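Architecture at a glance
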Amino acid sequence: DAGITQSPRHKVTETGTPVTLRCHQTENHRYMYWYRQDPGHGLRLIHYSYGVKDTDKGEVSDGYSVSRSKTEDFLLTLESATSSQTSVYFCAISAPRSDTQYFGPGTRLTVL
Amino acid sequence: TQLLEQSPQFLSIQEGENLTVYCNSSSVFSSLQWYRQEPGEGPVLLVTVVTGGEVKKLKRLTFQFGDARKDSSLHITAAQTGDTGLYLCAVKAAGNKLTFGGGTRVLVKP
């Protein structure tokens, strides 16, 4: 299994509070991704990174920001959580020119 | 409208039965992937198909890429309870990104 961990695995928070999710990899892969998964929508890309300090938006980036100060860590921040951001969040990694993405175990976030 | 439409959204069958799930689009793709996601875990790549008309087999799973490279199917023969999960198709987009379909949730009952 690819060495990807996500923390926390579960979180319950209140509307308006900031939340940071962490993705950590031990594979030294260049590309990292944050997705959210909601019923009927599969996985939708929030943000991705193609190197340290190099990030770009995905299709559902509103309300989210990311940072990558080290190859192994990719942080997803909800500056002010809303109930619509209740979801399961997955981190993934891939190597350049590789078709395969390896996924972490997910973080279940509930915003009350 | 999603780029990739998967059908059906949900499928419940008895162990030993066969099933087919579909992934359709109006766009042409250079390749298409299938992932399986078990409850409580992240998706795992099953196969990548790259040639129109290509058929790949993975034990009891048969994957086919349409001749026009716009669609794909996954057929499971003699389903087992271990086949239960969410099946996702995905295509590569620019910048090493993937676009996923909405998924088909398969439940195989003993």
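The rules we used
- Within each chain, residue numbers correspond to sequence positions counted from 1 in written order.
- All chains are assigned letters beginning at A, and all ligands numbers beginning at 1, according to the order in which they are written.
- Local features in a predicted model are, by the rule used here, given only for residues with pLDDT of at least 70; side-chain atom pairs are given and counted only at 80 or more, and totals for whole chains, interfaces and linings are based on all residues.
- To obtain the side-chain values, all non-hydrogen atoms of the structure were included, while hydrogens and water were left out.
- To define a nonpolar core, start from buried Ala, Val, Leu, Ile, Met, Phe, Trp, Tyr and Cys residues and group those joined through side-chain atoms within 4.5 Å.
- For every residue, the accessible area (1.4 Å probe, protein chains only) is compared with the maximum for its type, and the residue is labelled buried under 20%, exposed over 50%, or partly exposed between those bounds.
- Segments assigned H or I by DSSP are reported as helices when at least four residues long, segments assigned E as strands when at least two residues long, and all are numbered from the N terminus.
- We call two residues contacting when some pair of their heavy atoms lies within 4.5 Å.
- Think of it this way: DSSP has to see at least two bridges between two strands before they count as a pair.
- Criterion for a disulfide: a pair of cysteine sulfur atoms within 2.5 Å.

1. A word on the nonpolar core
Core analysis: the largest hydrophobic core is formed by 23 residues, its most contacted members being Leu19, Leu32, Trp34, Phe63 and Leu74 of chain B. Elements represented by at least two residues in this core include exactly strand E2 (10-14), strand E3 (19-24), strand E4 (32-37), strand E5 (44-49), strand E7 (61-65), strand E8 (71-76), strand E9 (85-93) and strand E11 (104-109) of chain B. For Leu32 of chain B, the contacting residues outside a window of four places in its chain are Cys23, Val47, Thr48, Val49, Phe65, Ser72, Cys89, Ala90 and Val91 of chain B. Within the second largest apolar cluster, 19 residues are counted, among which are Val66, Phe74, Cys91 and Leu109 of chain A.

2. Regarding the pairing of E9 of chain B
Residues and elements named next belong to chain B. Most of E9 sits inside the fold, with seven of its nine residues counted as buried. Inspection of the sheet shows E4 paired to E9 by five bridges, in the antiparallel sense. Across the sheet, the residue bridging to Gln33 is Ala90, located in E9. With four bridges connecting them, E9 and strand E10 (residues 97-100) associate as antiparallel partners. Looking across to E10, one finds that Val91 is bridged to Thr99. The hairpin formed by E9 and E10 contains three residues between the paired strands, and Gly95 there has a positive phi angle of roughly 75°.

3. As for the state of the cysteines
Residue and element names in this part refer to chain A. All chains considered together, the criterion is met by two disulfides over all chains. Cys23 shares a disulfide with Cys91; S-S distance 1.9 Å. Measuring handedness by torsion sign, the sulfur bridge of Cys23 and Cys91 sits at about -70° and is left-handed. Pair noted here: Cys23 is in strand E3 (residues 19-25) and Cys91 is in strand E9 (residues 87-94), with a separation of 68 residues, a long-range link. Across the pair, Cys91 and Cys23 agree in class, each one buried.

Nothing here speaks to function; it is all geometry.
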